[in-house]
Amino acid sequence: MAEYKLLLPSMGEGVMEATVITWLFNEGDQVKEDDSVVEIATDKVDSDVPTPVSGKIVKILKQKDEVAKVGEAIAILEIEGEGGNASAEEVKAETALAPDSETLKTIEEPLKSAAPTEFSGDLYLSPLVKSIAQQENISETELKSIKGSGLEGRITKEDILAYVKNRGNQPATQVAPVQQSAPVSQPVTPSAPASTITAAAGDEIIPMDRMRKIIAENMVKAKQIAPHVTSFIETDVTNVVKWRNKNKSLFEKREGEKLTFMPIFVRAVVKAIQDFPMINVSINGENIIKKKNINIGMATALPDGNLIVPVIKNADQLSLSGLAKAINDLAYRARNKKLKPEDTQGATYTISNVGSFGNLMGTPIIPQPQVAILAIGAIVKKPAVLETPDGDVIAIRNLMFMSHSYDHRVVDGSLGGMMLKHVHDYLENWDLNTEI
């Protein structure tokens, strides 16, 4: 028999670690090739890890709630073969998967700068450790006093839990009294510690789940990083409604799928991005990164009330039919927790359809590191003034508000407004003879 180390696989660009949610098998259980053996969570999505070999799990190396890095062994399997170690090919695969120190340094530098504002970024904290520090209201000064036992002296879950356990025995930190008349030099934290908020009698206390904590952190970070500006426009989408009504039954019979408005919105946005490519950028320090690909994020509400943003990759290369299929597939897998980590990565621009909740308009928060996001409101029948060769007339039309939020560091009102106007024009002038 031989020993095989099950490694945490690569989960896409920028994702360097994951937290173990639960093991689907126990030590001593037999598993077959491609069996999902463990559920993991990153800051993007939950997913399963399959085993590439058949064998018996003899040792689980990463327990529930522990964090593993990409390329790190999470379990040891006993497989058919000779010798006590994995084959040379397996060892080579482990080496290829495990990032070296230079790679870790290159990838972790931007992660440091993206840390929550209550930490300066001098410390590298895993999502789990960061969450514990925030829940326990541990300051950065305290974190720096903890001697980490992890890679390159990083703080592990065991380190911070041990600190929390012994925290009451630590000598109190002396804090100089603050003069009432003196100006406050430190920024106010975005939210008060949980211990300062008291629940009234009859109130229900609901702890945030892991995804809600991630959403909360990302939203606060996005607002702190990007100065938001929002432009609004009302669009006559009567032609779009007529075209969809004409083609939806045919499309469903032919493809076995629903034809929603979303593929049309994505098509209009893609065309507008092609007209104004400086919307399709991100910021790295004082540099602007102009993206080659147009990858459209699609904000999707989940049954549990949380939000996730799957990504339509290379949306500019898809037909309307291809967009419809990609959108339906991503939405289905998002709502059934079947997305893969790569399905939520790489978005260069995002669309949020707030109209699906009956809302007329919204002011969406720009997901980092993108610089713009479009919110689409509900389509409502209204009387509108139409210009005709015989003069102005009032007619019933299908109208819709759109709101475009953009990062004023790189997108000024002219660019943000013109891009929105182009989306408006593409939708208002939708060709009723467009093929699907």
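Participant: In this structure, what is going on with the overall build of the protein chain? I would like to understand it.
Facilitator: The helix and strand tally for the protein chain stands at 10 helices and 19 strands. Across the protein chain, every contact between residues at least 6 apart in sequence was considered, and the portion connecting residues at least 24 apart equals 63%.

Participant: Help me out: how do you make sense of the nonpolar core in this one?
Facilitator: In summary, soluble globular proteins display a tendency toward joint burial of nonpolar side chains. In this structure, V266, I296, Y349 and L427 are the most contacted members of the largest nonpolar core, which totals 55 residues. Broken down by element, the residue count for this core peaks at 9 residues, all from helix α8 (residues 262-275). Residues in contact with L427, not counting those within four places in the same chain, are T235, D236, V237, V240, I264, F265, A268, M400 and M402. In this structure, Y4, V37, I57 and I60 belong to the second largest nonpolar core, which totals 20 residues.

Participant: Explain the confidence of the model for the protein chain to me, please; I cannot follow it from the model alone.
Facilitator: Low-pLDDT portions of the prediction should not be read for the details of their coordinates. Overall, the prediction assigns the protein chain a mean pLDDT of 82, with 80% of residues at 70 or greater. Of all the helices and strands in the protein chain, helix α1 (residues 88-97) carries the lowest mean pLDDT, 40, while α8 carries the highest, 98. Here residues 83-118 scores under 50 on pLDDT; set against residues more than four positions off or in separate chains, the count is 44 contacts. Confidence drops under pLDDT 50 across residues 172-194; counting only partners more than four residues distant or on other chains, this segment forms 4 contacts.

Participant: Please explain the pairing of strand β2 (residues 17-23) as it appears in this structure.
Facilitator: Within β2, 5 of the 7 residues are buried, leaving the element largely enclosed by the surrounding structure. Here β2 pairs with strand β4 (residues 36-41) via 4 bridges, running antiparallel. Bridge assignment links W23 to a residue of β4, and that residue is V38.

Participant: How should the layout of surface pockets be read in this particular structure?
Facilitator: Which parts of space are left empty comes out when a probe the size of a water molecule is rolled across the atoms. The space that makes up the second largest pocket amounts to roughly 540 Å³. Considering the residues around the second largest pocket, the lining is formed by 25 residues, among which M262, A299, R335, N353 and S356 are closest to the centre. Mapped onto the lining of the second largest pocket, the elements with two or more residues apiece are α8, β13 (300-301), α9 (320-335) and β16 (349-352). Classifying every residue of the lining of the second largest pocket by side-chain character gives 16 nonpolar, 8 polar and 1 charged.

Participant: What should I look at first to understand the packing of aromatic side chains in this one?
Facilitator: The geometry of two aromatic rings is summed up by the distance between their centres and the angle between their planes. Summed over the entire model, instances satisfying the criterion amount to 2 aromatic pairs. Taken together, a centroid distance of 5.6 Å and an interplanar angle of 70° make the contact between W243 and W430 edge-to-face. Here W430 lies in the segment after α10 (413-428) and W243 lies in helix α7 (residues 238-255), a separation of 187 residues in the sequence. Judged by relative accessible area, W430 falls into the buried class, the value being 8%. Centre to centre, the rings of F261 and F265 are 6.2 Å apart; their planes meet at 20°, and the pair counts as stacked. If you follow R244 out to its NZ or CZ, it ends over the ring of F261, 4.6 Å from the centre.

Participant: Looking at this structure, I do not really get the packing of α8 against α10. What am I missing?
Facilitator: Geometry of a packed helix pair, given as the angle between the helix axes and the separation of the axes. In the contact formed by α8 and α10, the axes pass within 8 Å of each other and the chain directions differ by 135°. Classified by the interaxial angle, the pair formed by α8 and α10 is oblique. Between α8 and α10 lies a crossing whose hand is right-handed. Judged by residue contacts, I264, F265, A268, V269, K271, A272, I273 and D275 of α8 engage M419, H422, V423, Y426 and L427 from α10. Considering only residue class, the contact of α8 with α10 consists of 10 nonpolar, 1 polar and 2 charged.

Participant: Would you mind showing me how to read the pattern of salt bridges here?
Facilitator: It is possible for side chains of opposite charge to pair when their charged atoms get near one another. Applying the stated criterion across every chain, the model contains 12 salt bridges. The residue R397 makes a salt bridge to D236 at a minimum N-O spacing of 2.8 Å. Placement of the pair is R397 in strand β19 (residues 391-407) and D236 in strand β9 (residues 228-236), with a sequence separation of 161 residues. With a relative accessible area of 19%, R397 lands in the buried category. Via salt bridges that share partners, R254, E255 and K325 belong to a single interconnected network.

Participant: So what exactly am I meant to see when it comes to the packing of α7 against α9 here?
Facilitator: The interhelical angle for the contact between α7 and α9, taken along N-to-C directions, is 70°, at an axis separation of 13 Å. The angle between α7 and α9 places the two elements in the roughly perpendicular class. Two secondary-structure elements touch here, α7 through W243, F251, R254 and E255 and α9 through L320, S321, A324 and K325. Classifying every residue of the contact of α7 with α9 by side-chain character gives 4 nonpolar, 1 polar and 3 charged.

Participant: Mind showing me how you'd approach a nonpolar patch on the surface here?
Facilitator: On the surface, a nonpolar cluster with roughly 270 Å² of combined accessible area is contributed by F232, L360 and M361. Mapped onto the elements, L360 comes out in the loop between β16 and β17 (372-376). Note on L360: relative accessible area 42%, which makes it partly exposed.

Participant: Explain the sheet that holds strand β1 (residues 2-7) here, please?
Facilitator: Backbone hydrogen bonds hold the strands of a sheet together, and the pairing may be parallel or antiparallel. In spatial order, the strands read β1-β8-β6-β3; together these 4 strands make up an open sheet with antiparallel pairing. Looking at strand neighbours, the two that pair on one side only are β1 and β3 (30-31), the edges of this open sheet. Direction of pairing for β1 relative to strand β8 (residues 73-79): antiparallel, over a ladder of 6 bridges. In the strand pairing of β8, K5 is matched with I76.

Participant: I keep staring at the sheet that holds strand β5 (residues 46-50) and nothing clicks. Help me out?
Facilitator: With antiparallel pairing, the 4 strands of this open sheet are ordered in space as β5-β4-β2-β7. Pairing within the sheet leaves two strands with one partner each, and these edge strands are β5 and β7 (67-69). This sheet shows a mean twist of 45° between the axes of neighbouring strands, independent of strand direction. Pairing between β2 and β7: 3 bridges, direction antiparallel. Opposite A18, over in β7, you have A68 as the bridge partner.

Analysis parameters
Along each chain, the written sequence defines residue order, and numbers are assigned to residues from 1. This being a predicted model, a pLDDT of at least 70 is required before a residue's local features are given, and a value of 80 or more before pairs of side-chain atoms are given or counted; all residues contribute to the totals for chains, interfaces and linings. Based on all heavy atoms of the structure, the side-chain values leave hydrogens and waters out of the count. Per the convention used, a helix needs a DSSP run of H or I reaching at least four residues, while a strand needs a run of E reaching at least two, with both numbered from the N terminus. Here, two residues are considered to be in contact whenever any of their heavy atoms come within 4.5 Å of each other. We define the nonpolar core as a collection of buried residues of types Ala, Val, Leu, Ile, Met, Phe, Trp, Tyr and Cys that are connected through side-chain atoms lying within 4.5 Å of one another. Under the scheme applied here, a residue whose accessible area is under 20% of the maximum for its type counts as buried, over 50% as exposed, and between as partly exposed, the area being computed with a 1.4 Å probe on protein chains only. Here pLDDT means the predictor's own confidence in every residue, given as a number from 0 to 100. Here the rule is simple: two strands pair whenever DSSP picks up at least two bridges between them. Lining residues are those with an atom within 4 Å of a point, where the points come from a 1 Å grid over the protein atoms alone and group into cavities, where a 1.4 Å probe fits but cannot get out, or pockets, open sets with protein on both sides within 12 Å along at least five of seven lines. Grid points are joined across faces, edges and corners, and a volume is the space filled by probe spheres set on the points. Each residue is assigned to one class: nonpolar for Ala, Val, Leu, Ile, Met, Phe, Trp, Tyr, Cys and Pro, charged for Asp, Glu, Lys and Arg, and polar for all the others, Gly among them. Between the rings of Phe, Tyr and Trp (Trp by its six-membered ring), a pair exists once the centres lie within 6.5 Å; its type follows the angle of the planes, with under 30 degrees stacked, over 60 edge-to-face, and the other angles tilted. In this scheme, Lys NZ or Arg CZ marks a charge over a ring once it lies within 6 Å of the ring centre and within 35 degrees of the ring normal. Angles here are taken between N-to-C directions and fall from 0 to 180 degrees, while the axes themselves are lines fitted to C-alpha atoms, restricted in helices to the stretch in contact. An angle below 35 degrees is read as roughly parallel, one above 145 as roughly antiparallel, one from 65 to 115 as roughly perpendicular, and any other as oblique. Note on convention: near helix rotated counterclockwise from far helix by under a right angle means a left-handed crossing. Clockwise means right-handed. Any Lys or Arg side-chain nitrogen found within 4 Å of a carboxyl oxygen on Asp or Glu counts as a salt bridge. Exposure above 30% relative accessible area and the absence of a salt bridge qualify a residue for a patch, where like charges join within 9 Å and nonpolar side chains (Val, Leu, Ile, Met, Phe, Trp, Tyr) within 5 Å. For the accessible areas, the method is Shrake-Rupley and the probe is 1.4 Å, while residue cover comes only from the protein chains on display.

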